[in-house]
Amino acid sequence: MRTFRCDHCGHALFFENVQCLHCGSDLAFLAHRLALCSIEPAPGKPAGCWQRKSSSRRSGAKRFYRLCANHTAHQACNFAVPVDDPNELCVSCRQTRLLPDLTLGDNHQRWYRIEVAKRRLFYTLAKLRLASVDIPSGLSDGPIFEFLADQPGQAVITGHVNGVITLNIAEADDAERVRRRVELREPYRTLLGHLRHESGHYYWDKLIRDGGRLESFREIFGDESVLYREALDTYYRSGAPAGWQDNYVSAYATAHPWEDWAETWAHYLHMVDLLETASSYNTKVVVPGDDNEEEVTNPFETDKAEFTQLVDQWVPLTLLVNSLNRSLGQDDAYPFALSAHALEKLKYVHDVIHAPPQPDSRA
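This is a predicted model, so every value here is computed, not measured.

## Observations concerning the sheet that holds strand S5 (residues 50-52)
Phase 1: The antiparallel open sheet is built from 5 strands, whose spatial order is S3-S4-S5-S6-S7. With one partner strand each, in any of the chains shown, strand S3 (26-30) and strand S7 (80-82) form the two edges of the open sheet. Taking each pair of neighbouring strands and ignoring which way they run, the sheet shows an average axis angle of 50°.
Phase 2: Pairing between strand S6 (residues 64-67) and S7: 3 bridges, direction antiparallel. Counterpart to Tyr65 in the pairing with S7 is Pro82.

And the structure:
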């Protein structure tokens, strides 16, 4: 995620901010601009109607906004809604269909943490033009989310089915998430990682199954018609096969071609998001095999950034990030090493995202 600057005073801002700590301006994320902007009450309009803060540099017709209802009711969102949109929720929050009882225990804080991660996912998908920010009033784009809590005798399983992503809200508890990560022998487990992975299943349906790419997918990832439940049972019983690092981005990717795709998809979103963050800080890296420093490229600045350039910058950047973590006594932030075959799969994801759907004659 890039950093932003207050368009009133120029002070640095972060994605979740609701107020500039330097000038005190109220802030809202305007989805149609994909930008965090300073706002002020619109003069002559009803209470709760906002506009971008006046600036001598700004001209043209003003647009008016309401704050997302999850902000006014729960202080849980910083997105704005066009004032003429009949939906009280922003384009991200309206994707959430089911919530646990927010009055119980820590459910409110868990829900807030999940929505923060979901808004970050929305931003990346919108930047990649996978989710629309200019949709008809009242509608939404992308997957539907259900955030649920375990009930006696009924555990909530995180996953995706027919466009609906379900997440067990226990994943928002750091201690519980770490326990599951250790129990499942996973080197990496985060809320944002979960949502990126599950969004991969959603976009497999949309871009591969419905996009006429089954044949090319099978050439890279294998035959997805292998029984899914049996494949998962085998994985959880026996673990990943020896030497899996030569072909997969993670051990879990070995479970089934669908999981291989979803893990690779999540890694691609990791890649472009971290590169955008590094670019916003004007980070320079030394590309392997070249002693010259190179400034990290923002992968969203061009219609189709060269994949080889992304990888060349990704490798030294992750080494830097991991080294910084170790300096603070923390584990590696990115505990993965990408093989040539894993990079081939990442490139396939990159090409699918940046190319229009192609008919697959034998799909």
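## What about the pairing of strand S9 (residues 144-148)?
Phase 1: Sheet topology note: the strand S8 (residues 96-98)/S9 ladder contains 2 bridges and is parallel. Paired with Thr96 across the two strands is Phe145, which belongs to S9.
Phase 2: Crossover connection from S8 via helix H2 (residues 107-127) to parallel S9: handedness left-handed.
Phase 3: Where S9 and strand S11 (residues 164-168) come together, 5 bridges link them in parallel fashion. Looking at the pairing, Phe145 lines up with Ile165 of S11.

## Some points on the packing of aromatic side chains
Phase 1: This structure, assessed with the given rule, holds 26 aromatic pairs.
Phase 2: Within the aromatic cluster, the residues linked to one another by ring pairs are Tyr202, Tyr203, Trp204, Phe217, Phe221, Tyr228, Trp258, Trp261, Trp265 and Tyr348.
Phase 3: The ring of Tyr248 carries Lys345 above its face, with NZ or CZ at 4.0 Å from the centroid.

## A closer look at the nonpolar core
Phase 1: With 73 residues, the main nonpolar core has Trp261, Trp265 and Tyr268 as its most contacted residues.
Phase 2: If sequence neighbours within four positions are ignored, Trp261 has contacts with Gly200, Trp204, Ile208, Phe217, Phe221, Tyr348, Val349 and Val352.
Phase 3: With 9 residues, the next largest nonpolar core counts Leu30, Trp50, Leu67 and Ala80 among its residues.

## A word on unusual backbone geometry
Phase 1: A positive phi angle, close to 50°, is found at Leu34, a residue other than glycine.
Phase 2: Considering the arrangement of structural elements, one finds Leu34 in the loop between S3 and strand S4 (35-41).
Phase 3: Residue class for Leu34 comes out buried when judged on its relative accessible area of 12%.
Phase 4: Phi is positive for Gln75, close to 50°, though the residue is something other than glycine.
Phase 5: Residue Gln75 is classed as exposed on the basis of its relative accessible area, which comes to 54%.

## Comments concerning the sheet that holds S9
Phase 1: Sheet architecture is open: 4 strands sit in the order S8-S9-S11-S10, paired in mixed fashion. With one partner strand each, in any of the chains shown, S8 and strand S10 (159-161) form the two edges of the open sheet. Strand-to-strand, the axes of this sheet are offset by a mean angle of 30°, without reference to chain direction.
Phase 2: Helix-sheet contacts for H2 involve S8, S9 and S11, and the interaxial angle to S9 is about 160°.

## Some words on the packing of helix H8 (residues 307-327) against helix H9 (residues 340-354)
Phase 1: In the contact formed by H8 and H9, the axes pass within 10 Å of each other and the chain directions differ by 130°. The angle between H8 and H9 falls in the class oblique. Remark: the crossing between H8 and H9 carries right-handed chirality. Contacts from Phe307, Leu310 and Val311 of H8 reach H9 at Leu343, Leu346, Lys347 and His350.
Phase 2: In terms of residue class, the contact of H8 with H9 is made up of 5 nonpolar, 1 polar and 1 charged.

The rules we used
- Residues numbered from 1 in each chain as written.
- Predicted model: local features only at pLDDT ≥ 70, side-chain atom pairs only at ≥ 80, totals over all residues.
- Heavy atoms only, no water.
- Pairing = 2+ DSSP bridges.
- Helix = DSSP H or I, 4+ residues; strand = E, 2+ residues; numbered from the N terminus.
- Axes fitted to C-alpha atoms, helices over the stretch in contact; angles between N-to-C directions.
- Right-handed = clockwise from strand over helix to strand, strands pointing away.
- Phe/Tyr/Trp six-rings, centres within 6.5 Å; stacked < 30°, edge-to-face > 60°.
- Lys NZ or Arg CZ within 6 Å of the ring centre and 35° of its normal.
- Core = buried A, V, L, I, M, F, W, Y, C linked by side-chain atoms within 4.5 Å.
- Buried < 20%, exposed > 50% of the residue type's maximum accessible area, 1.4 Å probe, protein only.
- Contact = heavy atoms within 4.5 Å.
- Parallel < 35°, antiparallel > 145°, perpendicular 65-115°, else oblique.
- Left-handed = near helix turned anticlockwise from the far one by under 90°.
- Nonpolar A, V, L, I, M, F, W, Y, C, P; charged D, E, K, R; others polar.

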